[in-house]
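# An overview of the molecular structure
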Amino acid sequence: MPTTSPKGEEIVGSLLRGLDVIGILSDAEQPLSLAEVATLADTSRATARRLLLTLERVGYVRADGRTFQLRPKVMELGDAYLEGLGLPRLHPHLTSLAERVRDTCSLTVLDGDTVVYVDRVKADRLMTVNIAVGTRMPAYAMSSGRVLLADLDPEALRDYLEHLHAEPLTGRTAVARDELARRIAQARKDGYVITDQEIDPTLRSIAAPVRGPDGRAIAAVNVATHVNRTSVEQLREEILPELLATTSAIEAELAAS
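So, here is what we can say about the structure in this document.

About the cut-offs
Residues numbered from 1 in each chain as written. Predicted model: local features only at pLDDT ≥ 70, side-chain atom pairs only at ≥ 80, totals over all residues. Heavy atoms only, no water. Patch = residues over 30% accessible without salt bridge, like charges linked within 9 Å, V, L, I, M, F, W, Y side chains within 5 Å. Areas by Shrake-Rupley, 256 points an atom, 1.4 Å probe, with all protein chains shown as cover. Salt bridge = Lys/Arg side-chain N within 4 Å of Asp/Glu carboxyl O. Lys, Arg positive; Asp, Glu negative; His and termini not counted. Charge placed at Lys NZ, Arg CZ, Asp CG, Glu CD. Helix = DSSP H or I, 4+ residues; strand = E, 2+ residues; numbered from the N terminus. Buried < 20%, exposed > 50% of the residue type's maximum accessible area, 1.4 Å probe, protein only. 1 Å grid on protein atoms, 1.4 Å probe; cavity = no way out; pocket = protein on both sides within 12 Å on 5 of 7 lines; lining within 4 Å. Points joined across faces, edges and corners; volume = space filled by probe spheres on them. Nonpolar A, V, L, I, M, F, W, Y, C, P; charged D, E, K, R; others polar. Contact = heavy atoms within 4.5 Å.

## Concerning a negative patch on the surface
A contiguous patch of negative charge on the surface is contributed by D153, E155, D159 and E162. Structurally, E162 is set in helix α7 (residues 154–162). Residue class for E162 comes out partly exposed when judged on its relative accessible area of 49%.

## Structural notes on empty space enclosed by the protein
In the structure shown here, the tally under the stated rule is two cavities of 30 Å³ or more. Considering only enclosed or pocket space, the second largest cavity measures out at about 30 Å³ in volume. In terms of lining, the second largest cavity is formed by T195, D196, Q197, E198, I199, L203, R204 and S205. Counting only elements with at least two residues in the lining of the second largest cavity, the list comes to β9 (193–196) and β10 (203–211). At three residues, β10 tops the list of elements feeding residues into the lining of the second largest cavity. Partitioned by chemical class, the residues of the lining of the second largest cavity number two nonpolar, three polar and three charged.

## Topic: the environment of L161
Structurally, the position occupied by L161 is in helix α7. Classification of L161 by relative accessible area gives buried; the value is 11%. Separated by 15 residues in sequence, L161 and A176 have C-alpha atoms that sit 9.6 Å apart. Aside from chain neighbours lying at most four places away, what touches L161 is R177, L180, A181 and I184.

## Here we look at unusual backbone geometry
Of note, the phi angle at D42 is positive, near 55°, even though the residue is not glycine. Residue classification places D42 among the exposed positions, given a relative accessible area of 72%. Even without a glycine there, the phi angle at Q197 is positive, about 60°. Note on placement: Q197 falls in the loop between β9 and β10.

## Some words on the layout of surface pockets
Here the second largest pocket is characterised by a volume of approximately 230 Å³. In terms of lining, the second largest pocket is formed by R146, R182, R183, Q186, A187, D190, Y192, V193, I194, D196, V232 and R236. Broken down by secondary-structure element, the contributors of at least two residues to the lining of the second largest pocket are α8 (177–190), β9 and α9 (232–256). The element that contributes the greatest number of residues to the lining of the second largest pocket is α8, accounting for five residues.

Below, the structure written as structure tokens:
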């Protein structure tokens, strides 16, 4: 039965707990026992067992003896989201970009105060940071995050900055609200963002937004490169034209569909 929150919003508590369990199993580095799931979900073993058996019944969880882990079917949840944005068929655009610039290219979306990697094509060159599809990173420190934050309406951006607790990921990470506001405003003006060693001291990154038919940014494409290989000037002069050609091609495909 639906429950009612203090604000009068109807929610299904068991569904929320089930989604919490999926998140717990997703974050785990190895299969978890019933007791571990119950502890991490802050619920009783009996409730955790019912949730796990329900998720097993619908194919999202596999029970291996006394432990539980996610099954591949859970990826359908992400696929359904990407289908709604029209993004799955855009993988060839990322592949083409990665081949042209010979660096790793990613497609991200903004979710709250983080960016989520929804597609990624790795270059042949070795990268020091291994990021998988589904990884979340703080939007304030990411080139893709800043171009997506730049598309927020003023009130939403103001609320984001007021509640932001930014921590430096490297010695070069911008964390002061005034400075972040300035850089986001610059991103809105330029239509792209370059970050230099802000998430990792060995990486530079450049990103540009992908806009839907209504003109709103629905995702961002970014190119990450090693600091010893590509300068900021090269990112702007050589990589940026290729990046913008890719986002334009993606937008044209979205508009045609």
